[in-house]
Structures are given as C-alpha cells and as structure tokens.
Amino acid sequence: MAHQAHSFHMVDPSPWPIFGAVAALLTASGLTMWFHHHSTQLLTLGLLSMLLTTLQWWRDIVRESTFQGHHTPTVQKGLRYGMILFITSEAFFFLGFFWAFFHSSLAPTPELGGQWPPTGITPLNPLEVPLLNTAILLASGVTITWAHHSIAEANHKQATHALTLTILLGLYFTALQATEYYETPFSITDGVYGSTFFVATGFHGLHVIIGSSFLLICLLRLIKFHFTPNHHFGFEAAAWYWHFVDIIWLFLYTTIYWWGS
Amino acid sequence: QGLKPIVSTESPALIFGTTTKLASDLPATDSFLGKNKVPDLQKLFQKADGLPVHLKRGVPDKLLYRTTMALTIGGTIYCLVALYMASQPRSQ
C-alpha cells in the first residue's frame, strides 16, 4: 500500500461536485420557469437535488474526518482559511444591501416626501420586538461560547445543554421575526423603504435559519461523540457563522430599525 | 479524531486520537446519551475494501446515490426540454 509523504488530504473520487453544479442549473432555470411560466416543478427538482447533494457531501466530510482521520492540522488550517473567506464573502453580500439602504435613506427623494421614513410609512418601534430579538441573539452568543468552553473542557453534558439552548434561542428569534413580518403595516412593495427593509432583514433571517441548521447538525454530532476537546472544527465553523449572523443583526438593528425610524 | 502522520487506505490498527473520549470515561448519569459508536464507525470506514467514501456504507449509500443521480440527470433533460420550449416564439 502506498503511503503519502505529505499531510494533505487527497480525496476519493466523488460525484457531489458535478451533481451540485447540475442542482444549481436546475434551481436557476427553475426560478426562470417559475417567474415567467408559473411552473414550479423544475425549481422543486433543483432544490431537492441541491439538498440531497449537500447532505451527502457534508456526510462524506464527517466520514473522512471523524471516521477516517484525514483531517490533519494542515487540512484543518485550510478549512479555517476557507470558512473565514466564505464568511468574508457573506459580509460583502450584506454590505451591498446596507449600501442600498443608505443610498436611499441619507438623501430621500421628493417622491418619498423628502424624509426618511418616507411619507405614509409607519416603521416598527425599535424598542419592542426588535429589541427583544437583539437580546435573544446576544444571549445566544453567550450560550454558544459556553458550549465551546464545555467541549474544550470535555464537559459533554454541559456542552449539550448549552448548544441546545443556543439553537432554541435561534428558533425563538426566527419565530418572533415571522410574527413581526406578519404584523408590519408596510410590505416589500411599499417603495424603497419596503424593499430595503425586507430584503436586508429577509436575507438575515435566512442566514439565521441556515446557522440554526448548522448548529443542529453540530448538536447531533456532539451527542454522537464526534468532537474531542482538541479537535472540533465543525463546531467552531458553526460558532463563527453564528457570531457573524449576530453581528449582522446588530448592524441591521442600529441602522435600519433604530436610525431609520 | 486521530491525527495520522501518514494516510493509508488500510489500517491494521484502529486510529484513535489520544484525546478521544471513550464510553468508559462517561459517568453513569450520561447513559441516556447512548454508547459511543465512533470507534466502531472508524473501523467500518477504514476497511480496506477499495470503496470510495460516498459508497462505503454499502446499500443505503448506493440507494441514495442512485436516487440523487436519477433526479439530477432526469432534471437536466427536463430542464433542456423546458428551456427549448420556452425559447419558442409562440406563447404556450
């Protein structure tokens, strides 16, 4: 059996990259068919194949690391770089929507009544549910740090409790935000105020759901003893992502909800 | 996980990280969490059977893989047909 003379991971041949690309094709053309021809079959197929591909791809990464031991310190360093670069790209993604918000709100046009919030828009009170949501996400930042310390100290039970609490807080945020969306007196079609509000907070909400799902997978892995006190990068990546989601909310709250009201 | 200095597809000995928590280390009150199956899974996935990691578990992996393949290939054909029809000048 040949042994490699380096510490990198030469992966087995895998079908998931090309399947993922096809899933993206089906999703993109599915969106087209939905928008222009009122048909959702292709979109459903695309989202389903995307889900299947990502689940199996990430399942294989767990197998390669926890069960086959391929994640040497060198490999882990690469994964850290990768996650940091990904989160940075997401930061730029949100930057665009914040740019749009400030573009419209710093110099409101006469069509808006020369004021921000525009004439006719009653914004949400930032000291009601939005403030509660801020407290929830900040608390979840504390609980996830508690979970991390517990993992590093091999305190399995406390880690499980702390991570579960973090996920529950995330779900609570999502539920509250959903009720807020239902109760707002304005909608996404209400001019540039509606557009900037719902696109920015909407994408943030999607990231909360993604982050909560990532944390849930980590909880399942934690329960199954996949993490060791010294090697638990999957959890760290989820924690980084979760802190990022929290920080984006803080920007959203202070700019759109508070300054913009 | 184990930190292996070399990677080989066959491992006569189980690869344990020195920091892996063994089931025997858990206090009795944690029995509700179930037994630590990681060592067994490590043995399973390190078997020298030449299978790639996405098929290593046998039948369930094969079924899932074939389902995904069927959906993506079928979907591609459907996509090409739908786009061809959508590009025709007449309305449907």
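Note that the structure is a prediction, hence the values are computed from the model and not measured.

## Digging into the confidence of the model for chain B
All names here are of chain B. When pLDDT is averaged across chain B, the result is 76; 62% of the residues are at 70 or more. Here residues 5–14 is modelled with pLDDT under 50, and outside its nearest four sequence neighbours on either side it reaches 17 contacts, counting other chains as well. Confidence over residues 16–29 falls short of pLDDT 50; this stretch has 17 contacts with residues more than four positions distant or in other chains. If you check the scores for this complex, the pTM reads 0.87 and the ipTM reads 0.83.

## What to know about the side chain of T53 of chain A
Within the secondary structure layout, T53 of chain A lies in helix α2 (residues 41–67). There is a polar contact of 2.7 Å between the side chain of T53 of chain A and the backbone oxygen of S49 of chain A. Sequence-distant contacts of T53 of chain A, defined by excluding residues within four places in its chain, comprise W16, F19 and G20 of chain A together with T68 of chain B.

## Description of the nonpolar core
Among the nonpolar cores identified, the biggest contains 47 residues, and L163, F186, F197, L215, F235, W249 and L252 of chain A are the most heavily contacted of them. Of all the elements in the fold, those that place two or more residues in this core are α3 (73–106), α4 (129–152), α5 (156–183), α6 (191–223) and α7 (233–259) of chain A. The leading source of residues in this core is α7 of chain A, at 15 residues. Aside from chain neighbours lying at most four places away, what touches L163 of chain A is A147, L215, C218, L219, L222 and F235 of chain A. Counting residues in hydrophobic clusters, the runner-up holds 6 residues, among them V22 and L42 of chain A together with C79 and A82 of chain B.

Reading the values: the criteria
- Residues numbered from 1 in each chain as written.
- Chains lettered and ligands numbered in written order.
- Predicted model: local features only at pLDDT ≥ 70, side-chain atom pairs only at ≥ 80, totals over all residues.
- Heavy atoms only, no water.
- pLDDT = per-residue confidence, 0-100.
- Contact = heavy atoms within 4.5 Å.
- Helix = DSSP H or I, 4+ residues; strand = E, 2+ residues; numbered from the N terminus.
- Polar contact = N/O pair within 3.5 Å; in protein donor to acceptor, adjacent residues only side chain to side chain.
- Core = buried A, V, L, I, M, F, W, Y, C linked by side-chain atoms within 4.5 Å.
- Buried < 20%, exposed > 50% of the residue type's maximum accessible area, 1.4 Å probe, protein only.

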